[in-house]
Each structure stands twice: as C-alpha cells, then as structure tokens.
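So you can see what is in the structure, the chains are spelled out below.
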Amino acid sequence: MQRLLQLPVNAVNMVKTVQSQVQGQEEAKSPVLTPDSAQQTWYNALQPDELRHLRSSPGTGGSGGGGGDQEERATLEEGGGGGGGSFQTQPLRHDDLKEMLDSNKDSLKLEAMKRIVAMIARGKNASDLFPAVVKNVACKNIEVKKLVYVYLVRYAEEQQDLALLSISTFQRGLKVQLISISAFFVKVSTVLKVKKQSYRFIFSHNKTSSFDFSLDPEQKDQLIEVIEKLLADKTTLVAGSVVMAFEEVCPERIDLIHKNYRKLCNLLIDVEEWGQVVIINMLTRYARTQFLNPNINVSRVQNWVYSETDSSFLFPCMRLFKSHSIALWFLSELFRAVSLPIEQSHDAALIYTAIRKILICCLTHVHVSCFSEVQYVVLQNVATMTIKRRGMFEPYLKSFYIRSTDPTQIKILKLEVLTNLANETNISTILREFQTYIKSMDKDFVAATIQAIGRCATNIGEVRDTCLNGLVQLLSNRDELVVAESVVVIKKLLQMQPEKHSDIIKHMAKLTDNIQVPMARASILWLIGEYCEHVPKIAPDVLRKMAKSFTNEEDIVKLQIINLAAKLYLTNSKQTKLLTQYVLNLAKYDQNYDIRDRARFIRQLIVPTEKSGALSKYAKKLFLALKPAPVLESPFKDRDHFQLGSLSHLLNAKAGGYQELPDWPEAAPDPSVRNVEVPEWTKCSSREKRKEKKVEKPFYSDSEGESGATESADSESDSASGSESGSEDSRSGSESDESKEASESEEEEEEDLKTRKKKEKPLKKPVQESERYIVLINSSQQREGEAGFLCTNDPQFRMNSCRSAETTIAPSSALKSYELLHRITGEGLSVEYCFSRQPFIPDANMVAVQVHFTNNSTSDTKSLHMEDVKLQSGMRVKEFPEIELLPAGETATAVMGIDFCDSTQTANFQLCTHTRKFFVSIQPPVGELMRPFFMTENEFKKEQGQLMGMNEITEKLTLDVKCRNEHAIVQKVTTAANLSRVPCGSDKECRFAGRTVTSSSLVLVTVATKDQGAAQLTVNCEKMVIGTMLVKDILLALTQ
Amino acid sequence: MIHSLFLINASGDIFLEKHWKSVVSRSVCDYFFEAQERASEPENVPPVIPTPHHYLISVLRHRIYFVAVIQSEVPPLFVIEFLHRVVDTFQDYFGVCTEAAIKDNVVVVYELLEEMLDNGFPLATESNILKELIKPPTILRTMVNTITGSTNVGEQLPTGQLSVVPWRRTGVKYTNNEAYFDVVEEIDVIIDKSGSTITAEIQGVIDACVKLTGMPDLTLSFMNPRLLDDVSFHPCVRFKRWEAERILSFIPPDGNFRLLSYHVSSQNLVAIPVYVKHNITFREGSSQGRFDLTLGPKQTMGKVVESVLVSSQLPRGVLNANLNPSQGTYTFDPVTKLLSWDVGKINPQKLPSLKGTMSLQAGASKPDENPTFNIQFKIQQMAISGLKVNRLDMYGEKYKPFKGIKYMTKAGKFQVRT
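None of these values were measured; they are calculated from a predicted model.

Reading the values: the criteria
- Residues numbered from 1 in each chain as written.
- Chains lettered and ligands numbered in written order.
- Predicted model: local features only at pLDDT ≥ 70, side-chain atom pairs only at ≥ 80, totals over all residues.
- Heavy atoms only, no water.
- Helix = DSSP H or I, 4+ residues; strand = E, 2+ residues; numbered from the N terminus.
- Buried < 20%, exposed > 50% of the residue type's maximum accessible area, 1.4 Å probe, protein only.
- Contact = heavy atoms within 4.5 Å.
- Areas by Shrake-Rupley, 256 points an atom, 1.4 Å probe, with all protein chains shown as cover.
- Pairing = 2+ DSSP bridges.
- Axes fitted to C-alpha atoms, helices over the stretch in contact; angles between N-to-C directions.
- Patch = residues over 30% accessible without salt bridge, like charges linked within 9 Å, V, L, I, M, F, W, Y side chains within 5 Å.
- Salt bridge = Lys/Arg side-chain N within 4 Å of Asp/Glu carboxyl O.
- Lys, Arg positive; Asp, Glu negative; His and termini not counted.
- Charge placed at Lys NZ, Arg CZ, Asp CG, Glu CD.
- Phe/Tyr/Trp six-rings, centres within 6.5 Å; stacked < 30°, edge-to-face > 60°.
- Core = buried A, V, L, I, M, F, W, Y, C linked by side-chain atoms within 4.5 Å.
- Expected span 1.5 Å × (residues − 1).

## Things to note about the overall build of chain B
And then number 1: Secondary structure assignment for chain B yields seven helices and 23 strands.
And then number 2: Burial status across chain B gives 56% buried among its 418 residues.
And then number 3: Looking at chain B alone, contacts between residues at least 24 apart form 68% of all its contacts between residues at least 6 apart.
And then number 4: Carbon together with sulfur atoms contributes 50% to the accessible area of chain B, which is approximately 17500 Å² in total.

## Some points on the sheet that holds strand β2 (residues 829-839) of chain A
All names here are of chain A.
And then number 1: Here we have five strands laid out as an open sheet, ordered β1-β2-β3-β7-β5, and antiparallel in their pairing. Two strands in the sheet have a free side with no partner beyond their single neighbour: β1 (817-821) and β5 (876-878). Across the sheet, the axes of successive neighbouring strands diverge by a mean angle of 30°, strand direction being ignored.
And then number 2: Across three bridges, β5 lies against strand β7 (residues 891-899) in antiparallel orientation. The residue of β7 that forms the bridge with Arg876 is Asp899.

## Topic: unusual backbone geometry
A negative phi angle is the norm for most residues apart from glycine, just as the trans form is the norm for most peptide bonds.
And then number 1: Phi is positive for A:Asn652, which is not a glycine, with a value near 55°.
And then number 2: Along the chain, the position of A:Asn652 falls in the loop between α38 (647-651) and α39 (687-726).
And then number 3: Its identity as a non-glycine residue notwithstanding, B:Gln381 has a phi of 65°, on the positive side.
And then number 4: With respect to the secondary-structure elements, B:Gln381 resides in the loop between β21 (372-380) and β22 (389-395).

## A word on a negative patch on the surface
All names here are of chain A.
And then number 1: A cluster of acidic side chains, namely Asp221, Glu225, Glu228 and Glu955, defines a negative patch on the protein surface.
And then number 2: It is helix α14 (residues 220-232) that contributes the most residues to the negative patch, three residues altogether.
And then number 3: When its relative accessible area of 57% is taken as the criterion, Asp221 is described as exposed.

## Re the packing of aromatic side chains
Residues and elements named next belong to chain B.
And then number 1: Evaluation of the coordinates by the stated rule reveals 18 aromatic pairs over all chains.
And then number 2: Considering the side-chain rings of Phe32 and Phe33, the 6.2 Å spacing of their centres and the 70° angle between planes classify their relative orientation as edge-to-face. The two residues Phe32 and Phe33 agree in class, both being buried.
And then number 3: When the ring of Tyr93 is compared with that of Phe94, the centres are 6.2 Å apart and the planes differ by 65°; the resulting orientation is edge-to-face.
And then number 4: Chaining the aromatic ring pairs together yields one cluster made of Phe66, Phe90, Tyr93 and Phe94.

## Points about the nonpolar core
And then number 1: Core analysis: the largest hydrophobic core is formed by 200 residues, its most contacted members being A:Ile116, A:Tyr151, A:Phe434, A:Met508, A:Ile606, B:Phe66 and B:Phe90.
And then number 2: When residues of this core are assigned to their parent elements, the largest contribution, 11 residues, is made by helix α2 (residues 76-94) of chain B.
And then number 3: When near neighbours in sequence (up to four residues on either side) are disregarded, A:Phe434 contacts A:Leu415, A:Leu418, A:Thr419, A:Thr449, A:Ala452, A:Ile453 and A:Cys456.
And then number 4: Listed in part, the 70 residues of the second largest apolar core include B:Leu212, B:Phe233, B:Val389 and B:Phe414.

## Quick look at the pattern of salt bridges
And then number 1: Within this structure, the stated rule accounts for 24 salt bridges over all chains.
And then number 2: Put simply, A:Arg876 and A:Asp899 hold a salt bridge, and the shortest N to O gap is 2.8 Å. Note that A:Arg876 is positioned in strand β5 and A:Asp899 in strand β7, a separation of 23 residues in sequence.
And then number 3: On the basis of relative accessible area, A:Arg876 is assigned to the partly exposed category, the value being 36%.
And then number 4: Residue B:Glu34 is joined to B:Arg38 by a salt bridge in which the shortest nitrogen-to-oxygen separation is 3.8 Å.

## Focus: helix α9 (residues 142-155) of chain A
And then number 1: Given a rise of 1.5 Å per residue, 14 residues ought to cover 20 Å, and the 20 Å separating the end C-alpha atoms of α9(A) matches this to within 8%.
And then number 2: Most of α9(A) sits out of view: 14 of its 14 residues are buried.

## Describing the environment of B:Val183
All names here are of chain B.
And then number 1: Considering the arrangement of structural elements, one finds Val183 in strand β8 (residues 178-191).
And then number 2: The class of Val183 is buried, set by a relative accessible area of 0%.
And then number 3: In the structure, Val183 is positioned 206 residues away from Val389 in sequence and 9.0 Å away in space, judged by C-alpha atoms.

## Remarks on the sheet that holds strand β1 (residues 2-8) of chain B
Residues and elements named next belong to chain B.
And then number 1: Strands sit in the order β2-β1-β5-β4-β3 across an open sheet of five strands; the sheet is antiparallel. Across the chains shown, the open sheet's two edge strands, defined by having one partner strand only, are β2 (14-19) and β3 (48-50). When strand polarity is set aside, the average angle formed by the axes of neighbouring strands in this sheet is 20°.
And then number 2: In this structure, β3 lies alongside strand β4 (residues 55-61), joined through three bridges in antiparallel fashion. Bridge pairing links Pro50 to Tyr55 in β4.

Laid out in structure tokens, this is it:
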C-alpha cells in the first residue's frame, strides 16, 4: 500500500526517461501490483529472478515489462525483473533496495547488490544508496562483499567522506585470508587515496596488482622505492605490472632499469602478453638512451641484434608473438634501428631473417585475422613502412591483394600498400590486379583504385601511357563517379606531358556535356584552359557552352570557367572577347564573394584600361606560366616520425602522453651499469663465454685464497685489538701463546672430538673483569653430562677456545653486554648477559646467551635458577643449570640457550634466588640471531642473485669519518651482527655472510664504498623482517 | 590505459558501461555515433576515433560495438586485442555474446571486467584463471546457488596464478584421462577469371582439449615440422625446445585451449581442393543474363568435400534469378542481391551445378561489375598442408591417457573472381 501511494510522487520526482514513465503508469494501473506489506515487496522482488533462472529463458527477463502475457507475469515483472530486465523503474525502488540491504539475510543483500550493480552498468545513478551499501562491507558473504567493493570503486571518489568510514573494515578485510578480497580492498583504498596500506599490501603479497598513480608528490619517493624493489623481483608475474607502474610513476628514472635490464630481456618471453607490450616499449626507450645508434656501422648492428647481453630482447619477441601488438611494437624499433640498406650489409642474412619473421607475422595478421580492426591498424603501419622500405615487403605483394569481402576501409588501405610497393618489375601484375578492382561493385573503392593507378603512373614512367589509355577507357564507363575520378586523375597525368595528348583533351572536352560531377568538370575546364593552344578550335566552343550554363554551376566550376575565359582572352581574344566579358559580368553578380572577387581581379588584369597598371603587361605570363606537374604522394609519407604502432601514428597527430623516442646518444653511456653480479641471469649460451669463464676460474680461486688469507689476518689483528681494549697487552699475548701450546698438546687426545665438533666456535671475551674471560662449552664435560654450562676460570676452557679461534675465522669484536638485572633492583645481585656468538651445543637452533652473575651484596646467594618462562609461540629456552651458591663478592657465568625463532621477540622469565624472584627479559638484537657462514665469493654472488627483489634491501649512507677504511667497516659490521666476512676481490666492497640460527636462512650483507665516505649497504635475506632490522642496525653502526 | 568501456547495440543504445578510473560521461559516445552515421556499412566505422579529450577505440562483434575510451597514447592494437579478448571471454562464459546474454548476466560481466582490467591495465585474461575466480553461470549452478546460498565467486585465489605454471590449476582429477588435438587448417585463396590461382595461403591451428589428472608433461612431435612457417604458441609451450628439436613440449592447461597457430606461406605450393567452372553473361540489349556454375573436387586425396556453400553478391542490376540446382538448394535475395547456394557434398561422379537465367531491369544497360564467388567447404581427415602429427608422449604421470588427433581442412577466404 505504502508503495503505491508513493508512486506518483516518485514518478514525478525521479523518473527521467520516458520508458520508465510508461512503465510506471503501467504499474500504477495494474491492480495486481499492490503488495500488502513491505515484506512482501521484497519477496516479490526476489522471486522473479529465481524463476527466470529456473526457466532459463533469457528472453523474459531481458525485454522488460512489455510482454504479451502481462497478466500472468505482472507480479513478476513488477518485482523488478531481476538483474536484467526492467531497471528503468529502479529509481522508484531505492527504498526497497535499502530495505533489502538492511535485512539480515544474505540472499536479500545479494539480490539488492546485484540490482544495484545492474543499475551502475546501465549508467543509472545509484549514489544515494551509498550509506546503505557501505554498511554491508562487513558482510560475511563473499559475493556480497565483492559487489560492495565494485560499488565502492565506482562511487568512492564521489563520496570520499563516507567512504573513509569503511576503511577500518577494509583493514580488517586485509587480514582475511582471501587474497582476492584483499586485492579488492587495495583497489578501493587506492581510490580513496589511502595509499600507504595499498603498497604495503603489494609489498607483502607480491601479487600483481597495480595501483593508482594519481598521488601526491610526497609519496612518490616511497613509491619509487617500492617499484625499485619490485623491479628487482624475478618472477614473470610481477614484471608487467611493475614496468607499467614504472612508466606511470617515474619514467625518467632510467637508472632503476640498468640493473634489471638484462633480466627483463630474459624474462620477456615468459611475461604475459600485455606485460610484454609495456616492457618492450620501455626497453625501446631504454635502448635509445643507452646504446649507440646501430646504423653507424654494420658490425654494430650485428652486435646490437646479436649480442645476447644488450639486446636479447630483440629475439625472443620476434620469435614468439603472443599478440599482434607485440609484433608491431617490435617492428617499429627494429625498423628504426636497421635503416641502412639491409641488402648491403655483409651480415645481411641474419638481420634479414629477423626482419622476415616480423614481416610474416605482420602479414599473417593482415589476412588471417578475421577482425577488420586488427587488419586496419596493421595495414596502417605497413603502409608507412612500405614507403621507406619497399624491398622488405615486395616478396609478399600478393598478401595485400584485395578480396571482395573486405570492408571498404581495409580495401583502401591495401590499395595504398599495393601502390607503395609498385615498381617497374611488378607494375604489370599490379595493374592487372587493379583492372579487376575497377569492376568492383564498391564505388568508393573503385574511385580509390583509379587514384592509385594515377599514382603508379606518375611514379613509374614506363607505364604512364598504358595507364593513361586505361583511364581514358574508363571515361566511357557508365558510372559517373568512376568517370569523374578518372578525369581528375587524367588531368594530373596530362600535366606531365601535354603535347602528346591533345586528342585526349579533345575527348575530355566532349565529356563536359555529360559529366555532372563538379570536380571533374572543373578539371576538364582547367585542362582546356591550360592547353588551349593544343585545342584552339574546341576551347572557345567549350567556353560558349559553359557561359550558357554558368549560373547553374557549382562554385568550383564557376571559378574554372572564369579561369578558362581569362586564358582564352589572352591567347585568342578575337573569338572570345565578348564571351569573356559576358562571363565576367555574370560573375560580378554572383552570390559567392570569392567568385565576385576573382572576377574583379581578372577583369583588371586582362582587360587593358588606362587605369590598369603595369601588371596587365604580365598577364599572359601570369596565367600561362608553366606549371609544375603535381606530385602524387602517399598520405602516409610524413607519418614515420611517429613511432610505429602508436596511437599518434594511426591518427597522424600527437596524442596526449605520446613520448617522442629520444635520439641515439652521441657517446655510449657506461655499459657496466648493467652488470649484475649474478651470472645466472645472463645466460651464457654461447660456448665461448663458458670457456672464458673456465679460464677465469683459477683467477677467481686465487684471489679467493688471497683474500681469505688477508681476511684471517685481519680478523686476527682485530681480535687482538679487541682484546686489548678489555685487558692488558702482556696478558693477551701470553694467553694466546699458552693456548697454542696447550692446544697442541691436547690435539691428539681430542682428535676424534675435534673432528666431530669442528664447528666449535671461538671464544668471546667479555669486557668485564679479566678473570672471567673465557666461557666455552667444554666438550668433554658435555659428554659427561650437561654440567658444563657453568664455567669459571678453568684454564682448560681457555685452551680449547683458543684452538678453535685459530681454526675458524672469528667475527671479531668486543662483545656487548646488556643488563638483565641492576644491582639495586637485584638487591645486590647484578646480572648481565651477552651473546657469546658460539653455537649452543645442546641445540643448534638456539642462540647461546652468556649470563654473568655478580654478587655485590654481603651475603651469599643460593640456588640461582630460572622459573616461569613466558615465551611467544614457537620459542624455546634451554635453561642454565642452577647455581647452587654464589658467595658474596664472587662472580659466576652461565650459558643458556634461547630459540628466538628468528625474531626479536623477548624471552621473559623469572630469575630466582633462594629469597627473591625477579622478572627479567632478554631481547636479542637482530644481529645476534644469526651465525657466521663461510662461503666463497662466487657462492656469495650466486646466492645473492637468488635473493633479489623483495628480499633485497638497499640503503645509501655516508660513513662515519672514523670508519672509512675497510678495516673499520669490517669491525663495525661484525660487531653489529654475527656474520663472517666473505673474501672479495675488490677493495671497494666488503661482504659478509651468515645464516639465521633457527631457520638457517641466508643473510648476505654487502657494503660498497664510494668516494668521500658515501657507501651503499645491501642486505639480502629471505626473511624480510630480519633484513630490514639488520639494515637499521648496521646503518647505525656505520654512521655513528 | 583503458578508462571506460561502453557496449553499444545495433540500434545505438548504450546498454552497459564500466569505468575503471574516473567516470567518463556517456556523451563521449556521440562522437562514435557521428562516425557511425558517416560510415555506409557497420564495419566501416573507423576503429579509432579521436575526440577533443579522449580517443575511442572500438571493435564490432556479434553486432555489438565495444567502445573503449582512452585518454592518452597507447598502442591501438593493444586495446583492440584486449576488447576481442573480452568478447571471447563472454562467449566462453555465456555461450553466446549477445545483448540479451550480457544483460542477463550483468553481474558476472561486471565481475569479469573487474578482474580482467586493473586500473585500466589488463590483469587476468587467461580463461582458465578467470574461471577459477568467477565460475561461469550454468543452469545447475544458479539453482544450487539459490537453494544453498553459495556464490559464483571463487573462494580461493586461483592456485595456478602464482605458480610456475600459471595456466594450470593444481589438483586436477579425472576418471577418464584423455587428450584430444584438432588440427584445423583454413585455406585462403583468390582464383582469377581464367581459373589460375593468384594467391593461396594456409592458416592452421591446433586446438586441444586436454583432460588429464595431475601435472602431465606432454610432447608432441610432427612428421614434417618444417612446414610450419610462422608459429605462435600458447605460453605453456617450451620455446627453446621447439627451436632446438622442433618438438612441442608443454604442461597443458586444463580443458580447452589453442596450443599453436601457424602459417604456411604461399611459397609452398598449395593444393586447391575445389575447382569452379563458371559462365555468367549478360547480353547487351536483352534483359536476360545467363548463369552457369559447376563445382568439382580436385586434389582431395580421396576425401569427400562437404558442407559446400557458395555465395555471391550479384550486380545491382539483377532483378531476379531463376536457377536450377542439380543438388542442394539456392536462395536469392532480390533486395541485397545476395545469392547463396547450399550444395552439401560434392559427388565426383555427378558434379553439382547451378544453371539458369537472371532477369535484369528492362532497358537498363548490362552491368559491368563482375560478381565474385565465395566458397565454403570442409574436408574431414585431411590437413591440406600435409602436416602430420608423429606422436604424443606423456611424462610425469603414471596412467595411460587416451589420445586422439583429428584433422580438418576448411575454406577460409576462398574467392573465385569472374
């Protein structure tokens, strides 16, 4: 009832189209349509759609409400006809849509959303439903959710404020496991200009969702950073979108491409077709700025096309066209590149095959494609190319023959190509082909053919007469259009050699009686006027006829009549004086001012009066000067300055956003910028290269050995300096002596052990008191039980540790200790811990934490132990064994193991004495979550190559004044993180490697130094969080 | 790239619009309508129309114009290709791509478009992937959905999309494992008045329907791979292998796909399977013309030429045709002057012919246009280029699949000039 009452009001207010008004009235009339309650309204609304599907008769829904069996289906149609039918009436239904959206049934919401989407699709305004729709963003049903997103994407921009309300729901949506939904979230939020989340999302999901780029400038830098990272990614899925993003955001940052150039070239073949187009476009531009013009000498062309490194993109795409567009893009560049005569270059065969491939591809698309649109574009491009490089296409002449079923625009383009291809050798076949075209039923096409014949005739002197004869025959054609076109073309041809063809002119003069097409008439008149000396008898007669019909002629013809009159007056004034006067008088009163103007001008010029000045003397020269023959040119002549395949080229006008290809650089920019350390990408398929590598190998290994040696020397001295800081000179010296001897003596006994425990890690020297410096897990003790975690000044440990210090390259730096319990809070007990950087023997996945207890109080402390360990999931702790007694003033050290799960989460536990409990927590710096890993330079590069993209983090920094030498850098880095140095050939780079303790993921750090303290820090790590944190830490260490 | 898409039907109604970036008013289509009016035939509307602020790129398929609105420089082919892909997808989903089908499935259409284009840039266009994201509507599914309340939207991100073989989903299972390959060749010919061939080219495709469990790795080898001149592959084909050994090695997508399309150029001699004898004359002065057409098989290697259909646009001056076919039926439309003759099979013993007279306008002079004949036919069990599949092997899975290969030759643009 309610609805019915509302209806007229609504109809007046909202109905816009006539149709809907009609429908509205229909409904108003229908008695069946009155639902009793609101509820029933939407029941009705739902019903028809279902029924329609069940019946599966698409016709009923599609046609709206006008069906014959109105009575029967009235209720159904009234209900809305579902997604398809009568959404003209929807403005009336917004209320029930709102109601449906507010209901708590998903099916109703879905139905409502479907209808709303249908409205949007029809272009109807659904923006007033915004609040009702936005509410449903939290709906559980995925399809509803998706449709809500569709709606939001459409209207969010118009209603920013309201849309922002839904942001929190989106953020929740991000956590939803459904990536497809989160992707939608990204779309919506980009519309809302909430960009931070969006690219963080992309960052984390590594999914190919490109983003909205109309952003504020301050976010550009951040975006560029993301793009840089994604560019380094080596999955094909991302490549297309990223390059697209690159092109939109920062096309000027060509430096980002250097490192990725070769990778992109290699990936290209596997990228999906849309990505290929974008990438090729970008690479083309890149090649233009980074490589020398290959046209300058032949060998360079060869290099350019063939050198696998710098133009590997050329080949893959040529061989494999996933889409037509690629072929064209491609062609365009190659075409520009190889504009030297191919036939002359000594390596022509190779290049030729390449080009041939493209050609065939082009041609295939010309006639295979059943889509005329594709043909149209391809032919446009071919037409441009044929002007400059006829030879390339000549062998495929027949591919451009015209079929009667082609659409006219395609026919005309093909004709253009055929004309461009015509030369002395093939002209006879082409002309024969043209002859069949002239008999076609498509008159526009026939006219174009005649023009084409004219162009062939002007271009190729040999066939001019033949063509002319053929055209003259056409003058007797029954179709006036054909005749007219021939006249126009003949006129142009005759201008080249009029003397011979006075009979043709005579023949044409006769035609003036019949031809009505103004352009043709004008052409004939011009011809007669121009060559009136050749037809002295006919010309005045023609003028006489024309004077008679002057008033009925078209403007263009009138002008030519005046022209003819003037010329005749000058050459044959006796016969034509009066006629000319008459014509000029007629013209004087013509409606067209142009004609009046011309008449006045000519009268002054040719009729000598006392007033007429010097000009009339020259009248004859003015009118009867020799006119140059017109050059019949292809309309595609000047198009080649646009890039082939582009929109601008097609339109022959610069389209918005068209970028001119830059010119080749004068001098080649440094090619080494494209060198990437990883040899894997730059596939070395040629055998020579492989050989080279083999030759190089000894060199590499040598240098490895060398640098390895220096490395250990470095570290030794480092350790020395490190220990110096903590203890007295003499002491450390004697210490190492001692330990050497000791280790020798012990070596035999422990040989078996040693082999087993080869990875035993070096000692670490606490900076504390000199007495407690060495803590190491004594292997023998360990075998006996695990009692050895607590160590005191046992000389044996010292020896052991020194021995191991010799065998492994220790990341040497003073250990930093952290406070666990302060003296005051601990009531005299102070506890410190440090990361000993040694493997925790009981469990290799744990980080060894060395804990120092100092009893500063006056009483003894008993039974020191851990309790109530609270850990994040996945973490584990190996507690240190209980210290039964710590006398006053004494210190003790214990080792505990914590598995941090490669995260910097804290381990919370209680430290208990016999009297008190202290809550303490240990949080590891990220650098301690790894252990050194030794690898060679080559291995390093290889691994680094596999950890690009998202796994690579690069930062630029300025080194602190103090740490500008290699030494200092090594020390700083190894202090910050438990890594081992990787030998390196260059002194500009320091490399470090390690593995995380729990998951053994590689951590690779490179510090490349440049001039004046500038440096670049690169961290490659599978675990991005670790990588990011590590970067921060190292950065801090190096800049302070 | 692509800002908006408008779908326009034959009568000039915009029945669907979709915007990927900001909303472009539909009044932009007025420029399109103008161009449409200027063009004599529907297919003569220029594919690219510049307007003051936008560029309209359109394709015409199934009597629907798909008009994409572009704002800046983009390769036109890129857009055209994409639009065709959209149409193919619709056809794939709804069986037909008609206005009614699109209107009925407007929600699915919208979801599809949303997936296919992301911020105006093509994203997921592979039909296998799309079908996992959005399930195609079937009667059964609509019923189930309405009863159970489940949806058409895929719950999972397509499994294949992020993997190494994005075109294949994981966990495919079939009880009957089968792989069918159809080698279909189309022959494009122009034959001139005297019966000699002017151009002849062969376009071929290999369409596959693969229903195999797991992750099979197939290799397909040819007896004569040299024939293939210009090939373009489905992305699944390992290109290196083809270059080196001329063997197609691939992990197939699930279901139907086009494995390969190729081109056999005119340089190779092409055997024309059909010949046409014709004699069409108009006598000056009389209002009668004679019509005589005979078809015959030629170089068909004993295979039957079937589904033969001859059509021709007769000159405008012809008022009516009174013909007598020896087999099949013929129709002549006096308005469009279109003659079509459904011949059926060609029996080499008794060649089909169509003879009779044409009546011309009284008093009109004889037409000087010559009609051309477009011929369609099919030959089963033969690839006209002589291409032959040698063998198909499967690796990576244990079971024995059923393998089938079918050859067919069709007439593409087969024209006979008179």
